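# Residue-level structure breakdown
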Amino acid sequence: SRRPGSDRLYKFMLKFQIPKLISDKNISAVQLLILGEVTRVGFRGWLQRRARLQGLECWTRIKNGNALEAVLVGTGTDIESVIRDAWKGTKKARILKIKENWFNKPITPGMEKSDGEENNQPIPWSQETADRIIGAIEVLAPIMKQPNRFIETGNLSNAGELKRAAENRNLFAVSFSNSSYVVSPLKEIGLQQSQSSRVSSIIRSLSDNKHLLKEFLSKHELPVPKGDVFTEFQKAKKYLKASHGSLVVKPVAGSYGQGVTVDVRTEKAFVSAWDYAKKFHEQVVVEELIQGVDIRVLVVGGIAKAALLRVPAHVIGNGKETVEALVHEKNKKRMKNPRLCKAPIVADGYAEMFLARQGYSLTSIPGKGKVVFLHLKANIGAGADSITITEYIHPDLMRLAEEAVSVLGIEDFWGVDLLVEQIDKPRGQQKCTIIEVNSRANIFNVQVPLYGTPVDTAQALIDHLFPEDTRDHSYPVENKKVKITGFFNQKFYDWTRQQADELDLKVSIQAVGDTLEAVISGHRHHVLSYLGSMWDWQPGDRGMVDGLRVSVYAGTAKDSSTVIKGKDIEKFPQEQIVFSGFNIDESSANRYDLLQYNKSQGPGLDTKLFLDEFKRQGYEAQPSYEELIKISKEKMTGVTGMRHSSLFCDKVCEKIHPVKLLLSIHGLPVPRGVRFKANEMEKALRYFTKLSGPCVVTSLHSERITKQRIDNKDSLRALWEKARKKGTKYVLLEEYVEGWNVCAAVVSGHAVGSMIIEPVGVLGNGKSSTARLIEEKNTRRALNPRYHDKPIVINKRLLKQLEQSGRRIDDIPSVGETVFLETETGLELGGETININEILHNDFKDVAVQAAAAVPGLDFAFIHMIIPRPDQSSENQKWVITGIDTNPSVSLFHFPWKGEPCDLAKKVIAELCLTQRTRWIQER
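Residues numbered from 1 in each chain as written. Predicted model: local features only at pLDDT ≥ 70, side-chain atom pairs only at ≥ 80, totals over all residues. Heavy atoms only, no water.

Next up on the list: the confidence of the model for the chain. Chain-level statistics for the chain give a pLDDT mean of 88 and a share of 91% at 70 or above. Within the chain, the lowest mean pLDDT, 44, falls on helix H4 (residues 115–118), and the highest, 98, falls on strand S37 (residues 860–867). Taken together, the stretch residues 114–122 has pLDDT below 50 and engages in eleven contacts with residues farther than four places along the chain or on a different chain. A low-confidence stretch, residues 564–576 stays under pLDDT 50, and its non-local contacts, those more than four residues away or across chains, total 21 contacts. (pLDDT = per-residue confidence, 0-100. Helix = DSSP H or I, 4+ residues; strand = E, 2+ residues; numbered from the N terminus. Contact = heavy atoms within 4.5 Å.)

The following block contains the structure:
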């Protein structure tokens, strides 16, 4: 991304450099003029980073002080993706208009000439559906005279609304981006947006797969569109020829209308729709088009609470203004809505094509009262209007939504999408179908609708999840002892007193060396609020909290204003990290029957292990979708899964920082550390200096998280700049803890196996070079199903790793000398495992169970720990939990590098798969 230094340079680039770049037929370019609140809100830098992540060239400059001019160069689809994102921009940005000036505009999917255009015949465009929508608008005319007005800002979020609702009920709630953790006197529940941690990964995957869900609903005699799922184009084409009427073509999974093409009638249109859907998933659903209106019914606790009509992006003519002007005026109204301000109507290439099919263009002037559609995607993010119709919809349609949710078993919060001919008639008097059951339905669409009566579904969900008494007296009084690490000043002591007074807590603090020990007494939800606020305390560069260690205390706090100087902090002795529980000898590596587990002959290794175990238990089994497995036995057919988690678990564990808080407040030790924003490098460098030792740097990139040990400021600075260029938003700095990397498997509240994960290395014999030892190592790796197709490759990364440890590839290591080929923190080659289940001290098995229980909804996970002496008690040694893997690979335990294999798939199937978690499509 570049910023021209002058107007002259900018004009030179437009005149000479752009034409040269777009000489390639696959490259396009566009000049954008972006109007609205886009300066001094971080929008310019955001646009450049977004373009860079899409592989685009980007030039920007401020124009007239309050507008932004930008030039994007790259593939047409990537440019259009960035333009769509630009309409939303950063949180504080408000986009009024984006003017596009294309140098060579690409053909938008769906804009290719259809058979009708080539023969100068009328082009079909779903007039029947449009008429149904217009009919619904006429019925709702009384509530559509004036849009609703709200005092909220445009920074609404699902997590924010849930936190508001939780605090209304006197619950403890903390949010991490779109995740919420809520505690009552009786239970703890996690929420990822609106999806509770009680919705298992099996239910989530089932509802996400459009075709599998249809199959499931139809078995329960609920109405769904007729259709099928395809991976091969020729088979799908035969279905097109055999069908009568319009079709919908869409990817088998996805959201926001991506990859969806409505009203496909001709072979040419089908080819375009197929290619578009394939961009988002290899499986494509082809089904009948129901000519009707799109309604989302929100079901909370099994009861339909609200109904929302989503009218696709449209304008209503006044006989004076053009379509383009009407869109601009309507976007001004949407800007005043807290939800719709980030969902403007975008008059893109597809909209221009759709207008043409109705006989309009952006410069046309529609007659007074004439409804003109820009497309028929009923998605609010694509410009649809939100109209609550709870008082207008027929009660039988609300019951239909409730029936759809009931067959899934978990009734916390769902958005059921219906296509109906008329909103005020029961299902028996019209054609209606269920097209989706959304487990992550948006909460605030009905809380701040453009028209209609608002419905507070966030409060309804919290009230359903926590019906118990939540007044102060219902919470137990707790006494906690907390070791607080970090760097403190007078501001911190003042803050602790203020927080204690506000929360009616007794807090006494004692300084112990460079650590504080606090005793906190009070009602549980207030104690948690105190700890939650302390977790991220960073008032400035000179003070911060970087760790909490919570434990139960037998006494009570003395006084909230007490700060006592005490003795030095207890120091753990530095000892050699060694224990004699297993033999490191390289010759002890396991060997397995490779023919039985050859990946090239079928599904992945983990899936095959589950399929084989199901077959041993008498079931027919086949992989279905993502982690789902379809099983059948006698007259029973159902769907189960390999993973047993929830979306909340996945997100908080994946981002590391949130799960560290959950572990800490449950009394489990984690590495002390601080999460910094990508633009806080200097602050992070000062923190690194204060740690006075090596640290582990984790780049929290949205697509790939990487870890690396850092020993000096220069390395940290270089790594930081590299992470920022890749679009990383946050970087986590943690202390480096010496010890063995231990992985414990927890299934349904039981520790069922444990491994040490060592960095991959070679053992010297005094004769062979490192290169030769790697060849011999690869021979042994080829005998292990988990490693056999992952040979160690001598590449730049490996050579750099050797160089950093003072070695070369042609060195001859001495007898017994280990040469590591990957870092112990990054484990770039995946490490090598050693079974230590009989050696690991029971303390750490108990710890692993407690760690899994600290994350609501987690029933199968790998708990990763750093332990200096795994065979000894957890007392008197410094150990930490470094992470939780909610997507565990059972092959790690089935095929350890050394030690006895553990049949983990068998344990998961017995404890979790063949239980009430299985969703039976057909029963005896």
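Having put the structure on the table, let's press on.
We now examine the sheet that holds strand S26 (residues 628–633). The strand order across the open sheet built from four strands is S25-S26-S27-S39, with neighbouring strands paired in antiparallel fashion. If you trace the sheet from one side to the other, it starts and ends with strand S25 (620–623) and strand S39 (919–922), each paired once. The mean inter-strand angle of the sheet, taken between neighbouring strand axes irrespective of direction, is 25 degrees. Where S26 meets strand S27 (residues 636–641), six bridges bridge the pair, whose relative direction is antiparallel. Bridging across to S27, Ile 631 finds its partner in Gly 638. This element, helix H8 (residues 210–219), spans S26 and S39 of the sheet and lies at about 65 degrees to S39. (Pairing = 2+ DSSP bridges. Axes fitted to C-alpha atoms, helices over the stretch in contact; angles between N-to-C directions.)

Counting 86 residues, the largest nonpolar core has Ile 295 and Val 297 as its most contacted members. Among the nonpolar cores identified, the runner-up in size contains 63 residues, and Trp 495, Phe 844, Ile 881 and Ile 884 belong to it. (Core = buried A, V, L, I, M, F, W, Y, C linked by side-chain atoms within 4.5 Å. Buried < 20%, exposed > 50% of the residue type's maximum accessible area, 1.4 Å probe, protein only.)

Together, Asp 472, Asp 501, Glu 502 and Asp 504 make up a region of like negative charge exposed at the surface. Locating Glu 502 in the fold gives a position in helix H15 (residues 490–502). (Patch = residues over 30% accessible without salt bridge, like charges linked within 9 Å, V, L, I, M, F, W, Y side chains within 5 Å. Areas by Shrake-Rupley, 256 points an atom, 1.4 Å probe, with all protein chains shown as cover. Salt bridge = Lys/Arg side-chain N within 4 Å of Asp/Glu carboxyl O. Lys, Arg positive; Asp, Glu negative; His and termini not counted. Charge placed at Lys NZ, Arg CZ, Asp CG, Glu CD.)

Bringing the sheet that holds strand S1 (residues 28–37) into the picture now. Note: strands within a sheet are paired through backbone hydrogen bonds, in either parallel or antiparallel orientation. Taken in spatial order, the four strands of this open sheet run S2-S3-S1-S4, and their pairing is antiparallel. With one partner strand each, in any of the chains shown, strand S2 (57–63) and strand S4 (94–102) form the two edges of the open sheet. Sheet twist, expressed as the average angle between the axes of neighbouring strands with direction ignored, equals 20 degrees. Across eight bridges, S1 lies against strand S3 (residues 67–74) in antiparallel orientation.

Turning to empty space enclosed by the protein, a few remarks are in order. Tallied over the entire structure, the rule returns one cavity of 30 Å³ or more. Within this model, the largest cavity holds a volume of roughly 50 Å³. Secondary-structure elements contributing two or more residues to the lining of the largest cavity are strand S23 (544–552) and strand S28 (673–677). (1 Å grid on protein atoms, 1.4 Å probe; cavity = no way out; pocket = protein on both sides within 12 Å on 5 of 7 lines; lining within 4 Å. Points joined across faces, edges and corners; volume = space filled by probe spheres on them.)

Another aspect to go through is the pattern of salt bridges. Counted under the stated rule, the structure contains 50 salt bridges. When the shortest N-O distance is used, the salt bridge between Arg 132 and Glu 421 registers 3.7 Å. Of the two residues, Arg 132 sits in helix H5 (residues 127–139) while Glu 421 sits in the loop between strand S18 (413–420) and strand S19 (432–438), which places them 289 residues apart along the sequence. Taking relative accessible area as the criterion, Arg 132 reaches 32% and is therefore assigned partly exposed. For the salt bridge of Asp 494 with Arg 497, the shortest nitrogen-to-oxygen distance reads 2.5 Å. With Asp 494 and Arg 497 both in helix H15 and three residues apart, the pair spans about one turn of that helix. Sharing partners across several salt bridges, the network here consists of Asp 294, Arg 296, Arg 310 and Asp 417.

Turning to helix H23 (residues 796–804), a few remarks are in order. Since the α-helix turns once every 3.6 residues, residues separated by three or four places project in the same direction. Listed in full, the buried residues belonging to H23 are Leu 798, Gln 801 and Leu 802. The buried residues of H23 occupy an angular sector of 95 degrees when the element is viewed end-on, so they sit on one face. Set apart from the buried face of H23 by more than 90 degrees, the exposed residues are Lys 796, Lys 800, Glu 803 and Gln 804. In this fold, the buried residues of H23 make contact with helix H22 (770–781) and strand S35 (818–820). (Arc of directions from axis to C-beta.)

Moving on to the environment of Asn 784. Tracing the backbone shows Asn 784 in the loop between H22 and H23. Sequence-wise, Asn 784 and Ala 589 are 195 residues apart; in three dimensions their C-alpha atoms are separated by 9.0 Å.

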